[in-house]
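Take a look at the letters that make up each chain.
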Amino acid sequence: MAVGTGPTRVSTAQRVVSLWYFVAVVGSLGVFAPLPLIHAALRLRRASLWPYILAYSAVSCLMFYALARAGDADNTEIAFGFLWFFGTILYVTVACVHLTLLRKRILYPPPAAWVESGMHCGLFSIDIAGFGQVGRSSEVFVQVRRMLFGVLANAFEASGIAWDACLKRDTGDGMIVVVPPHFPKFRLVYPLVSRLTAELARYNVVTEPGLRIRVRVAIHAGEIALDEYGVTGRPKVLLARLLDSRVLRDALAEAPDDAPVVALVSDRFHEDVQDQGGPGLDTMSYRQVLVHEKETEVRAWLHVPDPVLRELR
């Protein structure tokens, strides 16, 4: 089973149907240009195309007017004839170029999350500490979630991991992110954790105490399994154990108040990624701990990143 659109496959029928765009524009000398643009706007579900449709409709009316005036027995008939002739060539050219770009987006949309059972994917999980504390209203929950998920998306993008290509699952007070295998997994550690820490530290400095965010992060990698309900398998179970572990909770409680993030990396991830080294990877700042949660007893690596407020480079 696969999740996401993956590589887009375009049938011959789709290509043939989309060719009517150009037939309508060229065959009608641009008069019917608004029609394929309306169809494209509906297919792409983009309201921003409607002003273009109105503009094309206005130009079509202008072409009718110029054509009608060109046939009048008037001194201006030659001028309107030239206006209609050269205006039609320009109008048809612009409309065809515009429709070519829209056709490409319809037939070949950007790839979405694409993972299959058995793929070795990076796993990232985050949880807001004290999210359900007494006194917080639903409005506060909405603001905190919106801020965290926005910061998280920016951190992923800035780390070279396309946010839209990842498979995400909302957990209420956090999120699980499955990173497709074509993205280097070391980026989950650096610069992602560092950027996330810097952005949250910057946010916490300027916001009121009730809206400040501190999070626990767990990072793992492994061969995932998929069913009709989403991602499952032993790697996901271990990720959940790491995130909910007493070791990680205690580390956040003991960390300085200005430290918004504590991270726990699985031993397998540490061995596969961090032991290999790489630019920016500070393996000395991770210390080995023992995680014992439910039926799971594993080694992991704890990291409390410094809340650097300056922009990372």
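To keep things clear, this report deals only with the structure shown in the data block. None of these values were measured; they are calculated from a predicted model.

## Looking at the sheet that holds strand 11 (residues 296-303)
Strands belonging to one sheet form pairs held by backbone hydrogen bonds; the direction of such a pair is parallel or antiparallel. A sheet is described by the order of its strands in space; here seven strands give the open sequence 4-5-3-6-9-11-10, paired in mixed fashion. Each having just a single partner strand, strand 4 (167-170) and strand 10 (286-293) make up the two edges of the open sheet. The average angle at which neighbouring strand axes cross in this sheet is 25°, direction not considered. Where strand 3 (residues 120-128) and strand 6 (residues 215-223) come together, nine bridges link them in antiparallel fashion. Opposite Leu-123, over in strand 6, you have His-220 as the bridge partner. Most of the contacts of helix 8 (residues 234-243) go to strand 6, to which it runs at about 160°, and overall it touches strand 3, strand 4, strand 5 (174-179), strand 6, strand 9 (261-266), strand 10 and strand 11.

## Observations regarding the packing of helix 3 (residues 34-44) against helix 5 (residues 77-107)
Look at helix 3 against helix 5: their axes get within 10 Å of each other, and the N-to-C directions meet at 20°. As judged from the angle between their axes, helix 3 and helix 5 are roughly parallel. In this structure, helix 3 meets helix 5 at a crossing whose hand is left-handed. In contact with Pro-34, Pro-36, Leu-37, Ala-40, Arg-43 and Leu-44 of helix 3, helix 5 contributes Tyr-91, His-98, Leu-99, Leu-102, Arg-105 and Ile-106. Looking at the contact of helix 3 with helix 5 residue by residue, the classes come out as nine nonpolar, one polar and two charged.

## Structural notes on the packing of helix 6 (residues 138-158) against helix 7 (residues 192-206)
At a closest axis distance of 9 Å, the pairing of helix 6 and helix 7 adopts a crossing angle of 140°. For the element pair helix 6 and helix 7, the recorded crossing hand is right-handed. Within the contact between the two elements, helix 6 uses Met-147, Leu-148, Val-151, Leu-152, Ala-155, Phe-156 and Ala-158 and helix 7 uses Leu-192, Arg-195, Leu-196, Glu-199, Leu-200 and Tyr-203. Considering only residue class, the contact of helix 6 with helix 7 consists of 11 nonpolar, no polar and two charged.

About the cut-offs
- Residues numbered from 1 in each chain as written.
- Predicted model: local features only at pLDDT ≥ 70, side-chain atom pairs only at ≥ 80, totals over all residues.
- Heavy atoms only, no water.
- Pairing = 2+ DSSP bridges.
- Helix = DSSP H or I, 4+ residues; strand = E, 2+ residues; numbered from the N terminus.
- Axes fitted to C-alpha atoms, helices over the stretch in contact; angles between N-to-C directions.
- Contact = heavy atoms within 4.5 Å.
- Parallel < 35°, antiparallel > 145°, perpendicular 65-115°, else oblique.
- Left-handed = near helix turned anticlockwise from the far one by under 90°.
- Nonpolar A, V, L, I, M, F, W, Y, C, P; charged D, E, K, R; others polar.

Everything listed here is a matter of geometry and, on its own, says nothing about what the molecule does.
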